[in-house]
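If you want the building blocks of each chain, they are given just below.
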Amino acid sequence: MARGGLIIFDYLLDESEDMHSLLLTDSSMLLVGGLQNHILEIDLNTVQETQKYAVETPGVAIMRQTNRFFFCGHTSGKISLRDLRTFKVEHEFDAFSGSLSDFDVHGNLLASCGFSSRLTGLACDRFLKVYDLRMMRAITPLQVHVDPAFLRFIPTYTSRLAIISQSGQCQFCEPTGLANPADIFHVNPVGPLLMTFDVSASKQALAFGDSEGCVHLWTDSPEPSFNPYSRETEFALPCLVDSLPPLDWSQDLLPLSLIPVPLTTDTLLSDWPAANSAPAPRRAPPVDAEILRTMKKVGFIGYAPNPRTRLRNQIPYRLKESDSESDSFSKVTESPIGREEEPHLHMVSKKYRKVTIKYSKLGLEDFDFKHYNKTLFAGLEPHIPNAYCNCMIQVLYFLEPVRCLIQNHLCQKEFCLACELGFLFHMLDLSRGDPCQGSNFLRAFRTIPEASALGLILADSDEASGKGNLARLIQRWNRFILTQLHQDMQELEVPQAYRGAASSSFCSSGDSVIGQLFSCEMENCSLCRCGSETVRASSTLLFTLSYPEGSNSDKTGKNCDFAQVLKRSICLEQNTQAWCDNCEKYQPTIQTRNIRHLPDILVINCEVNSLKEADFWRMQADVAFKMAIKKHSGEISKNTELALADWKELGSPEGMLRCPSIEELKNVWLPFSIRMKLTKNKGLDVCNWTDGDEMQWGPARAEEEHGVYVYDLMATVVHILDSRTGGSLVAHIKVGETYHQRKEGVTHQQWYLFNDFLIEPIDKHEAVQFDMNWKVPAILYYTKRNLNSKYSLNIKNPIEASVLMAEASLARKQRKTHTTFIPLMLNEMPQAGDLVGLDAEFVTLNEEEAELRSDGTKSTIKPSQMSVARITCVRGQGPNEGIPFIDDYISTQEQVVDYLTQYSGIKPGDLDAKISSKHLTTLKSTYLKLRFLIDIGVKFVGHGLQKDFRVINLMVPKDQVLDTVYLFHMPRKRMISLRFLAWYFLDLKIQGETHDSIEDARTALQLYQKYLELSKNGTEPESFHKVLKGLYEKGRKMDWKVPEPEGQTSPKNAAVFSSVLAL
């Protein structure tokens, strides 16, 4: 083909020949090789075959040329070096035992990749075979971290190798050096595999070809030069037919008649029918729910404070409804996932889509979580492994008795889910809209064998790709967590250090508080056909819906209330084979279930796991919709907005019982309330309950005396089906008055959508609307009316000062001479406002996952997962000021990828109880110490504490954090390292070879004292501002580097540290 893309000639080969490789030896000669035992030489000027070279080893798949040899790569794994004139074999390398994938030559080096023979077949070899062409022998193989399929030399500054895998991973390394995992980048192919790869002659561009026929071009500059003497590309000649005159669309008076249109008698596309082109007036936007909630009436006029949610004098109008008919552009996702897809092909509403965090150079510091959550409730971050359960954690948190009872629990088990859940609930209580993360809870969750046996622990790849069935997974998790919490809270033997939990008024012998809330006592009756009946008492923490048989085959739309299905599921009757003591063999028996005592919280797993159950929900919702239309015929308004004349009725109880709109009745089968009654003959009556039934039957409290209970819907967990992201799980939760009172200071109930860190208030009808095409119900939570009045909701902090006392180390080899801290004495117990120097060191559990964009910038897909390895707390006042009272090394059961010794000072073996000489403790033990200090009200002084508390998974009030990063910082300037601040202000040279947390914590305390001295306790900000300007000027001159010390004197070796050893 020519440069313009035109075909110059075709050369037909014999049908028996299978050619795979081409090599242009000069401007007019071409070598063609393949699976045959010969290579053809073709003259491009005469288009004739000039010569045929015989090949001893058939299967020439790759050919290269240098000024010394022709190189032929064979499918058998061999590489032969041939003479340029005679084409005879001069040397031969037996590179791979299986097959050859690719090779390249540069200078005196030949590098190859391929496959090795294994028992099960061929396997990609991660060792590159490298050969020295001067001595004609192999040198040390190069081990890489990807499965190499293609490789090329890129000799720009050095002889770098680019190694590419078919999955899109790209690694750069030196052929005689060591491969670094940090040099791995990712190509995003359109197809699943990369099929070819090459480098331009100028070494300024890389080209990748994928299995979908797309070519990806990477360059190191906006206008690269592809060849050494590159010139403009010649394109095909334009069409010689006279072109039409150009039209300027920017002119309003341009006559469109200038555009030639063929004469036709058919209806034009622009001839819309009158029904589609009729003008439609804009509907008035609905009044903000916050305005209606805070409005006070004077006569017929309502007054409310401005919530400041919209711009002044600007009202956004929507031309269409906010359902599947809305503008497709409003549904473009905030996260990068799915931007390439066409938005109008998906019906999933924007707020229900899977949310992801965009990471920048600053990590999470510049990510705007407030854009997704404008409430004061805390969301949960989704990037942690197995964070699919975030929605269920929120459901349990917003059950007021569960929140209080869990936080009152504390035990000695290292990995107790009840304890970790209580710690997480405490963080959610303290947060004012900032997201939290359940890393410690999920860490304990991963260590429980039952969770792994039930398949609840997902691999990172399965979680990212959405391979797991999330609906089934969250329902199994729901059953597991209730059972596990029930078992954890049955522990009655509480050690002295945690004796506060035993004094709780919620615990009763033989049962847990979870059992009191969720347990339903039952009688299981087995009736044999011989007449023998066996009765056995049992209990369950939740129920699974059992749908009527043949429900899918009945297309007539038979009405079946949710209450009927629930009764069938609770009082389950089934025929099964069971052992009969009377017959002394297995017999067909009828097994029935009778209820003896109803739970306070009714938990239901929906089990919509197939099309049959989904069609049943869809059919019942359609039937319920038709019945509601008949019931409210003539009363239903098609719009949900309220006119100004209706505001007066809105403030009265009669005004709240307004007629629902058609949109609110669609896809609704689930009732907001159900009424359950235990009959005298151990039967159970279940019926749907509406607000109008209250007047007919009387208040629910009076009915409970006769065994009648009313349950209100509190939460629904739904599975969002989205083919682009693999789906996600969200929760609709009715947040009660106590939570609004604590967070916002108002008495109010409101339904909210919880989608990880996205929290948004919703209408209550949205919580029970299930469009089975994308929104499938998974779990339902009903609570007894007036549930909170039955339990004491006082939280007694179970963490006592004894956690700070001396404790034994887990390490077997620790000696007293290795002790680096002195525990607090009774007369040293911290008080509110005391200073404590804090520093923490971390290790890496999972490396960061990043991709390299086409413009050369790096995008973080998933951040590295860190784990705390050492925590140090230093006294900030008193005679022992500067002496640590906590210096704990944290034992971990998870595999450590990188100990970060240069930055953390942690060495392999320091966290292993068998060989460590450090003071080794569990994370829970040290966590309790820090929680006690936070609850007491001490002020933590440190450098970069925000990251420390985030990895430790602690929520600390801002007024208890004194961070030297921000104390010595000017707006819109860079952050300054502790090492440079210590050298500039204290004349100390720290962090020489490695970091030491005792040294860093003590230095931060000294810097804070220096800050108070320079700013006169914060009374002279102007003079301190001048000090900061001098600091930044000095830093720019020094390039923010501390000069090399002649004789380094560290605070670690100072006299104050020797007092630790003396004591």
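Everything discussed here concerns the structure shown above.
Residues numbered from 1 in each chain as written. Predicted model: local features only at pLDDT ≥ 70, side-chain atom pairs only at ≥ 80, totals over all residues. Heavy atoms only, no water.

Student: In this structure, what is going on with the sheet that holds strand β19 (residues 194-199)? I would like to understand it.
Tutor: Backbone hydrogen bonds hold the strands of a sheet together, and the pairing may be parallel or antiparallel. Overall, antiparallel pairing links the 3 strands, which are arranged β19-β20-β21 in an open sheet. Strands at the two margins of the open sheet, each flanked by one partner only, are β19 and β21 (215-219). The mean inter-strand angle of the sheet, taken between neighbouring strand axes irrespective of direction, is 15°. Relative to β21, strand β20 (residues 205-210) is paired through 5 bridges, and the arrangement is antiparallel. Across the sheet, residue F208 finds its bridge partner in β21, namely H216. (Pairing = 2+ DSSP bridges. Helix = DSSP H or I, 4+ residues; strand = E, 2+ residues; numbered from the N terminus. Axes fitted to C-alpha atoms, helices over the stretch in contact; angles between N-to-C directions.)

Student: For this particular structure, what's the right way to read unusual backbone geometry?
Tutor: Across the chain, the bulk of peptide bonds are trans and the bulk of non-glycine residues have phi less than zero. The backbone phi angle of L900 is positive, close to 50°, even though this residue is not glycine. Residue R972 is not a glycine yet carries a positive backbone phi of 60°. Position of R972 among the secondary structure elements: in the loop between α21 (964-967) and α22 (978-986).

Student: Quick question: what am I supposed to make of the pairing of β21 here?
Tutor: In β21, alternate side chains face the same way, and those of H216 and W218 are buried while those of V215, L217 and T219 on the opposite face are not. Taking the residues between adjacent antiparallel strands as the criterion, β20 and β21 are bridged by 4 residues, where G213 takes a positive phi near 85°. (Buried < 20%, exposed > 50% of the residue type's maximum accessible area, 1.4 Å probe, protein only.)

Student: It is not clear to me how the packing of aromatic side chains should be interpreted in this structure. Could you clarify?
Tutor: One pair of aromatic rings is described through two measures. These are the centre distance and the angle between the planes. Applying the stated criterion across every chain yields a total of 41 aromatic pairs. Here Y984 and F985 contribute two aromatic rings whose centre-to-centre distance is 4.9 Å and whose plane-to-plane angle is 85°, an arrangement assigned as edge-to-face. By way of ring pairs, the aromatic residues F968, F980, W983, Y984, F985, Y1008, Y1011, F1024, Y1032 and W1040 are connected into one cluster. Positioned above the aromatic ring of F96, the side-chain terminus of K129 is 4.7 Å from the ring centre. R742 extends its terminal NZ or CZ atom over the ring of Y739, reaching a point 4.7 Å from the ring centre. (Phe/Tyr/Trp six-rings, centres within 6.5 Å; stacked < 30°, edge-to-face > 60°. Lys NZ or Arg CZ within 6 Å of the ring centre and 35° of its normal.)

Student: Before we go on, may I ask you to explain the nonpolar core in this structure?
Tutor: Burial of nonpolar side chains together is a common tendency in soluble globular proteins. Counting 104 residues, the largest nonpolar core has Y388, W477, F518, Y781 and F940 as its most contacted members. The leading source of residues in this core is helix α4 (residues 417-430), at 9 residues. Counting 56 residues, the second largest nonpolar core, distinct from the first, contains L602, A614, W669 and L684. (Core = buried A, V, L, I, M, F, W, Y, C linked by side-chain atoms within 4.5 Å.)

Student: For this particular structure, what's the right way to read the packing of helix α23 (residues 997-1015) against helix α24 (residues 1021-1038)?
Tutor: Each pair of packed helices can be described by the angle between their axes along with the distance between the axes. Their axes nearest at 8 Å, the elements α23 and α24 cross at an angle of 125°. Here α23 is positioned oblique relative to α24, judged by the angle of their axes. Within the contact between the two elements, α23 uses Y1011, L1014 and S1015 and α24 uses S1023, F1024 and V1027. Along the lines of polarity and charge, the residues of the contact of α23 with α24 split into 4 nonpolar, 2 polar and no charged. (Parallel < 35°, antiparallel > 145°, perpendicular 65-115°, else oblique. Contact = heavy atoms within 4.5 Å. Nonpolar A, V, L, I, M, F, W, Y, C, P; charged D, E, K, R; others polar.)

Student: Would you mind going over the side chain of K924 with me for this structure?
Tutor: With respect to the secondary-structure elements, K924 resides in helix α19 (residues 923-936). Buried charge without a partner: K924 forms no salt bridge, and the closest opposite charge is E420, 6.0 Å away. Dropping the residues within four chain positions of it, K924 is found in contact with C411, Q412, K413, E414, C416, C419, E420 and F423. (Lys, Arg positive; Asp, Glu negative; His and termini not counted. Salt bridge = Lys/Arg side-chain N within 4 Å of Asp/Glu carboxyl O.)

Student: What is the right way to look at the sheet that holds strand β43 (residues 939-942) in this model?
Tutor: Reading across the sheet, the 6 strands line up as β42-β41-β40-β37-β43-β44 and stay open at both edges, with mixed pairing between neighbours. Pairing within the sheet leaves two strands with one partner each, and these edge strands are β42 (920-921) and β44 (961-963). Inspection of the sheet shows strand β40 (residues 865-875) paired to strand β41 (residues 884-890) by 5 bridges, in the antiparallel sense. Of the residues in β41, the one forming a bridge with V874 is P884. This element, α19, spans β37 (835-846), β40, β41, β42 and β43 of the sheet and lies at about 145° to β41. On top of the sheet, helix α20 (residues 945-952) reaches β37, β40, β43 and β44; it is set at about 60° to β37, its chief contact.

Student: Any chance you could explain a nonpolar patch on the surface here in plain terms?
Tutor: The grouping of W249, L256, I259 and V261 at the surface amounts to a nonpolar patch, some 460 Å² of accessible area in total. As for its position among the elements, W249 is in the loop between β21 and α1 (289-294). A residue is classified by how much of its surface remains accessible, and W249, at 62% relative accessible area, is exposed. (Patch = residues over 30% accessible without salt bridge, like charges linked within 9 Å, V, L, I, M, F, W, Y side chains within 5 Å. Areas by Shrake-Rupley, 256 points an atom, 1.4 Å probe, with all protein chains shown as cover.)

Student: Please clarify how the pattern of salt bridges should be interpreted in this entry.
Tutor: For side chains of opposite charge, pairing can occur when their charged atoms come near one another. The full count for this structure, using the stated rule, is 26 salt bridges. Between E56 and R82 there is a salt bridge, with its nearest N and O atoms 3.2 Å apart. Of this pair, E56 sits in the loop between β4 (48-54) and β5 (60-65) while R82 sits in strand β7 (residues 78-83), and the two are 26 residues apart along the sequence. Given the relative accessible area of 60%, E56 is considered exposed.

Student: How do you make sense of α24 when you look at a structure like this?
Tutor: Spacing of three or four residues puts side chains on the same side of an α-helix, whose turn is 3.6 residues. Taking 1.5 Å per residue as the helical rise, α24 with its 18 residues ought to reach 26 Å, and the 26 Å between its terminal C-alpha atoms agrees with that figure. Every buried residue of α24 is accounted for by F1024, L1028, L1031, Y1032 and G1035. Seen along its axis, α24 keeps its buried residues to an arc of 95°; they face one direction. Counted as exposed and oriented over 90 degrees from the buried face of α24: E1022, K1026, R1036 and K1037. Its buried side turned inward, α24 meets α21, α22 and α23. Positive backbone phi, approximately 60°, marks D1039, located one or two places after α24. (Expected span 1.5 Å × (residues − 1). Arc of directions from axis to C-beta.)

Student: I keep staring at the pairing of strand β36 (residues 775-784) and nothing clicks. Help me out?
Tutor: Regular strands place side chains that alternate from one sheet face to the opposite one. In terms of residue burial, β36 counts as a mostly covered element, since 10 of its 10 residues are buried. For strand β29 (residues 601-605) and β36, the ladder comprises 5 bridges, and the chain directions are antiparallel. Bridge assignment links N605 to a residue of β36, and that residue is I779. By the bridge criterion, 9 bridges tie strand β32 (residues 708-720) to β36 in an arrangement that is antiparallel. By the bridge assignment, A715 is partnered in β36 with Y781.

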